[in-house]
Amino acid sequence: MTTISTPVDNGVDVDFLRSAREALTAEPTGAKFQWRVTNTWVHGTHSQTIAKGFFGLGEEQDRRRGFTFDGDHPELFSAGDNGATPTEILLVALASCLTAGVATVAQNRDIQLRSVRATIEGDMDVRGILGIDTDVRNGFGDIKVTYAIDADAAPEDIEALVAQSQKRSAVYDIVTNPTNVSVEVV
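Residues numbered from 1 in each chain as written. Predicted model: local features only at pLDDT ≥ 70, side-chain atom pairs only at ≥ 80, totals over all residues. Heavy atoms only, no water.

(A) Representation of the environment of Trp41. Structurally, Trp41 is set in strand S2 (residues 38-43). Considered as a pair, Trp41 and Gly71 are 30 residues apart in the sequence and their alpha carbons are 9.4 Å apart. In this view, Trp41 contacts His46 and Ser47; residues no more than four positions away in its chain are not counted. (Helix = DSSP H or I, 4+ residues; strand = E, 2+ residues; numbered from the N terminus. Contact = heavy atoms within 4.5 Å.)

In structure tokens:
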């Protein structure tokens, strides 16, 4: 009996990633990237952020187009509700990064994904940001990520995909480890 195997296709070019890894191992200065966004206040708590250019592979890089994100607060806070809150945008970044990692690791391990859905919840006590209680943290106290993944793999292999995605996720690292942030006015 002959078995015909269909190649796994999760839309990730693993061969390219392997060659990039080899090239950047040989030339580590090319691995130094600087991601940038420009934010402009619109009105009230509404602002717009554009992501377009960045530095990488030893030179300035420019995308075909910029990506615009509106940030605001909901009407509940007497705001215009013209975009997601900055904290929701952070959760979007975390979800996107972890899910991209799941797809990449699955492709690398020859696991065909059928569907991937992540729900991310961030718990916050707003008394901190409102200045009501200085002992209450301004940011999230807890973040919970819940995945529903349908794939041609055993449950333990799916859990391993998610674990490897966490291990390699830039945003997961930023959220779970201290990052130096400097703020200046020019």
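(B) Looking closely at helix H2 (residues 86-108). Helix length check: H2, at 23 residues, gives a terminal C-alpha distance of 33 Å against a target of 33 Å (1.5 Å per residue), a fit within 8%. Considering only its buried residues, H2 is in contact with helix H1 (14-26), strand S5 (113-123), strand S6 (142-151), helix H3 (155-168) and helix H4 (170-176). A positive phi of about 55° marks Asp110, the residue just after H2. (Expected span 1.5 Å × (residues − 1).)

(C) Structural view of the nonpolar core. Core analysis: the largest hydrophobic core is formed by 13 residues, its most contacted members being Val102, Ala106, Ile111, Leu113, Ile149, Ala151 and Leu161. Taken together, the elements giving at least two residues each to this core come down to H2, S6 and H3. Residue contributions to this core peak at four residues, all from H2. In contact with Ile111, other than residues within four places in its own chain, are Val8, Asn10, Ala106, Ala151, Asp152, Ala153, Asp157 and Leu161. (Core = buried A, V, L, I, M, F, W, Y, C linked by side-chain atoms within 4.5 Å. Buried < 20%, exposed > 50% of the residue type's maximum accessible area, 1.4 Å probe, protein only.)

(D) Just the packing of H2 against H3, in detail. Running from amino to carboxyl end, H2 crosses H3 at an angle of 120°, the nearest separation of the two axes being 8 Å. Taken as axis vectors, H2 and H3 run oblique relative to one another. Seen along the crossing, H2 lies across H3 with a hand that is right-handed. Of the residues in H3, those touching H2 at Cys97, Leu98, Gly101, Val102, Val105 and Ala106 are Leu161, Val162, Gln164, Ser165 and Gln166. The class makeup of the residues in the contact of H2 with H3 is seven nonpolar, four polar and no charged. (Axes fitted to C-alpha atoms, helices over the stretch in contact; angles between N-to-C directions. Parallel < 35°, antiparallel > 145°, perpendicular 65-115°, else oblique. Left-handed = near helix turned anticlockwise from the far one by under 90°. Nonpolar A, V, L, I, M, F, W, Y, C, P; charged D, E, K, R; others polar.)

(E) Representation of the side chain of Ser47 within the structure. Position of Ser47 among the secondary structure elements: in strand S3 (residues 46-56). For Ser47, a relative accessible area of 16% gives the class buried. Within the structure, Ser47 has its side chain in polar contact with the side chain of Asn39 (distance 3.1 Å). Residue contacts for Ser47: discarding those within four places in its chain leaves Asn39, Thr40, Trp41, Val42, Phe69, Asp70 and Gly71. (Polar contact = N/O pair within 3.5 Å; in protein donor to acceptor, adjacent residues only side chain to side chain.)

(F) Representation of the side chain of Asn10 in the model. Relative to the assigned elements, Asn10 resides in the segment before H1. Side-chain polar atoms of Asn10 contact the backbone oxygen of Ile111, separated by 2.7 Å. Of note is the side chain of Asn10, whose polar atom sits 2.9 Å from the backbone nitrogen of Leu113. Excluding anything up to four places from it in sequence, Asn10 contacts Ala103, Ala106, Gln107, Ile111, Gln112 and Leu113.

(G) Geometry of the pairing of S3. In this structure, strand S1 (residues 34-35) lies alongside S3, joined through two bridges in antiparallel fashion. Its bridge partner lying in S3, Trp35 is registered against Phe54. The pairing of S2 with S3 spans five bridges and is classified as antiparallel. Residue pairing in the sheet places Trp41 in a bridge with Ser47 of S3. Connecting S2 to the antiparallel partner S3 that follows it, the hairpin turn spans two residues, and Gly44 within it adopts a positive phi of roughly 60°. Direction of pairing for S3 relative to strand S4 (residues 59-71): antiparallel, over a ladder of nine bridges. Along S4, the bridge assignment pairs Gly53 with Asp62. Taken together, S3 and the strand that follows it, S4, pair antiparallel across an intervening segment of two residues, in which Leu57 is found at a positive phi of about 55°. (Pairing = 2+ DSSP bridges.)

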